[in-house]
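Geometric and topological summary
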Amino acid sequence: MRKGMILYVTEGKEDVPLQTGEEILETARSLGVTAVCVASSEEDAVHGWYGLVTKGVQQVLFMTVSYNAQVDRFESRGNPVRLCG
């Protein structure tokens, strides 16, 4: 089963780089996630969900995060929630 995750940025939205780094993919793989979408608005999250599902992802998870530009990292603000699958 392919899993995807939407990272919804609640703090530091303006500092998130346009290209997501390899670190995100490494972290995602360690969680068993094969695809990641970074969203900074509700509309981005919906588009990300649709994009993951149309790419064949059977289970979509959603997690709120903050972005710390000083260390170039996403920091979890809660547990992942299963949206579908």
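Here we look at the side chain of glutamine 59
- Its location among the elements puts glutamine 59 in strand E3 (residues 59-68).
- Taking the relative accessible area as the measure of exposure, glutamine 59 reaches 9% and is therefore buried.
- Excluding residues within four positions of it along the chain, glutamine 59 makes contact with Met1, Arg2, Lys3, Gly4, Arg82, Cys84 and Gly85.

Side note on the pattern of salt bridges
- Summed over the entire model, instances satisfying the criterion amount to 1 salt bridge.
- With a shortest N-O distance of 3.9 Å, arginine 77 and glutamate 75 are connected by a salt bridge.
- We classify arginine 77 as partly exposed; its relative accessible area is 45%.

Details of a nonpolar patch on the surface
- A contiguous nonpolar surface patch, about 310 Å² in accessible area, is contributed by Trp49, Val53, Val81 and Leu83.
- Counting residues per element, the ones that place at least two in the nonpolar patch are helix H2 (42-54) and strand E5 (81-84).
- By the secondary structure assignment, tryptophan 49 is in helix H2.

Basis of the calculations
Residues numbered from 1 in each chain as written. Predicted model: local features only at pLDDT ≥ 70, side-chain atom pairs only at ≥ 80, totals over all residues. Heavy atoms only, no water. Helix = DSSP H or I, 4+ residues; strand = E, 2+ residues; numbered from the N terminus. Buried < 20%, exposed > 50% of the residue type's maximum accessible area, 1.4 Å probe, protein only. Contact = heavy atoms within 4.5 Å. Salt bridge = Lys/Arg side-chain N within 4 Å of Asp/Glu carboxyl O. Patch = residues over 30% accessible without salt bridge, like charges linked within 9 Å, V, L, I, M, F, W, Y side chains within 5 Å. Areas by Shrake-Rupley, 256 points an atom, 1.4 Å probe, with all protein chains shown as cover.

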